[in-house]
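Observations on the three-dimensional arrangement
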Amino acid sequence: MSFLALAQKRKSIRRFLDKPVPQKLVDTILEAARLAPSAGNLQAYEVVTVKNEETRKALAAASFGQAQVSDAPVVMVFVADPPRSAAKYGDRGAELYSVQDASIACAYAQLAAADLGLGAVWVGAFDEDAVAKAVNASGRPVALLPIGYPAEKPGHPPRRDGVFFEETLD
Ligand SMILES: Cc1cc2nc3c(=O)[nH]c(=O)nc-3n(C[C@H](O)[C@H](O)[C@H](O)COP(=O)(O)O)c2cc1C
């Protein structure tokens, strides 16, 4: 599959089959995330993979009751590590690069899931403290990625115009 075909295939999936995701596929998704670029190659983030139902429910509650979080058999939690990036890049590392590192890794993971025939949805609406507590993380949670076999086939929501510009010199 070309990269463009994969980007076209990836859609947010919020309904999942009651079917476990084999560990081999989880490992492949994590390997894709590991290969993502990061500022200074510091990989200033951690990924917590959650399968335990109780923890998934705690994450769903922390995400203001978003059922896709507890319904998915696997939830990956992408946690930025601001001090790791700050050690080299100061405030810019803490506030921006560590969050970008975690975000890029999550984007790679979501694309890898689609490549494997799995569905996933980026979940960004959550209480950061509650998510950190649920997975015992010391960093800043940036994104949750519920993953499972898709139980829906949504289309792409339309993209807006006015995003891409060419430089004009006059
Ligand atoms: C930063 C960010 C935060 C998001 N937060 C949520 C969320 O909390 N819950 C949810 O169901 N989808 C969430 N999404 C998914 C978007 O709604 C989705 O990507 C968008 O509607 C485009 O649809 P598509 O992914 O199918 O192309 C989020 C996506 C991003 C990138």
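To keep things clear, this report deals only with the structure shown in the data block.

Here we look at the nonpolar core
Membership of the largest hydrophobic core comes to 24 residues, with the highest contact counts inside it found for Val 21, Ile 29, Met 76, Phe 78, Leu 118, Leu 145 and Ile 147. Every element with two or more residues in this core is listed here: helix 2 (23-34), strand 2 (74-80), helix 5 (82-115) and strand 4 (140-148). If one sorts the elements of this core by residue count, helix 5 sits on top with six residues. For Val 21, the contacting residues outside a window of four places in its chain are Val 26, Pro 73, Val 74, Leu 118, Ile 147, Gly 148 and Tyr 149. Among the nonpolar cores identified, the runner-up in size contains 15 residues, and Ala 62, Val 77, Val 123 and Val 131 belong to it.

Re the environment of Ala 94
Of note, Ala 94 is situated in helix 5. The exposure class of Ala 94 is partly exposed, given its relative accessible area of 22%. A C-alpha to C-alpha distance of 21 Å links Ala 94 and Val 135, two positions 41 residues apart in sequence. Sequence-distant contacts of Ala 94, defined by excluding residues within four places in its chain, comprise Pro 82, Ser 85 and Ala 86.

Quick notes on helix 2
Spacing of three or four residues puts side chains on the same side of an α-helix, whose turn is 3.6 residues. The terminal C-alpha atoms of helix 2, which comprises 12 residues, lie 16 Å apart, in line with the 16 Å expected from a rise of 1.5 Å per residue. Among the structural elements, strand 1 (45-50), strand 2, helix 5 and strand 4 are those in contact with the buried residues of helix 2.

Definitions and limits used
- Residues numbered from 1 in each chain as written.
- Predicted model: local features only at pLDDT ≥ 70, side-chain atom pairs only at ≥ 80, totals over all residues.
- Heavy atoms only, no water.
- Core = buried A, V, L, I, M, F, W, Y, C linked by side-chain atoms within 4.5 Å.
- Buried < 20%, exposed > 50% of the residue type's maximum accessible area, 1.4 Å probe, protein only.
- Helix = DSSP H or I, 4+ residues; strand = E, 2+ residues; numbered from the N terminus.
- Contact = heavy atoms within 4.5 Å.
- Expected span 1.5 Å × (residues − 1).

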